[in-house]
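Residue-level structure breakdown
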Amino acid sequence: KAGVTQTPRYLIKTRGQQVTLSCSPISGHRSVSWYQQTPGQGLQFLFEYFSETQRNKGNFPGRFSGRQFSNSRSEMNVSTLELGDSALYLCASSLEGPRNIQYFGAGTRLSVL
Amino acid sequence: TQLLEQSPQFLSIQEGENLTVYCNSSSVFSSLQWYRQEPGEGPVLLVTVVTGGEVKKLKRLTFQFGDARKDSSLHITAAQPGDTGLYLCAANFGNEKLTFGTGTRLTIIP
């Protein structure tokens, strides 16, 4: 079956703009988690959605938001982009949540100029 | 805040050598996962350990979960170039979040 699909793979934006990233989970998976990966901070948890509800949230400012649709697809939005938002954004899907095996997408590489 | 420290941060060895990477925390975790990430890809799960003292083997890879459930190690025997990648440990500290370690970047030289 198809894996986790993230679009777009690459994105270039300028400071102050906003961006929306998309994640299509594995069919049947109801939990989608988002992570930010940078060389300096490593992989950091942003938030997790389950059945269209945000169930957990990491320590990121309110500029980072997300949502999940009834088909489990998820989007994350970053508003008022800053240079420090440049990172690889990964989403992972699992059946019920992070206690289950998480399958990661290839990520969206965001560059903020 | 629970932190996971991995060591070493970087490791470069010759093909055929053995190596061990470590994952340590000051807090007890309920389970621990090891992932490998290759350039341009997301992390791929290698193993999950849940019981203190548990040892799991995956071909040339041996994973150990410390008795106190605060540390874990990954040992690779006879490393091969295909083992090159970023190795990440990730722990569940009893909540629904997965906390990732700082990572070990491994390079195997042919």
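Above this text sits the structure in question.
This section reports on the structure supplied with the text. (Residues numbered from 1 in each chain as written. Chains lettered and ligands numbered in written order. Predicted model: local features only at pLDDT ≥ 70, side-chain atom pairs only at ≥ 80, totals over all residues. Heavy atoms only, no water.)

1. What to know about unusual backbone geometry
Cis peptide bonds are those with omega within 30 degrees of zero, and the linkage from threonine 7 of chain A to proline 8 of chain A qualifies with -10°. Here the amide bond leading from serine 7 of chain B into proline 8 of chain B is cis, since omega sits at -10°, within 30 degrees of zero. Mapped onto the elements, proline 8 of chain B comes out in the loop between β1 (5-7) and β2 (10-14). In this structure, glutamate 52 of chain A is a non-glycine residue whose phi angle is positive, near 70°. Relative to the assigned elements, glutamate 52 of chain A resides in the loop between β5 (42-50) and β6 (53-57). Judged by its relative accessible area of 49%, glutamate 52 of chain A falls in the partly exposed class. Non-glycine residue threonine 80 of chain A carries a positive phi angle of around 45°. Along the polypeptide, threonine 80 of chain A turns up in the loop between β8 (74-78) and β9 (87-94). (Helix = DSSP H or I, 4+ residues; strand = E, 2+ residues; numbered from the N terminus. Buried < 20%, exposed > 50% of the residue type's maximum accessible area, 1.4 Å probe, protein only.)

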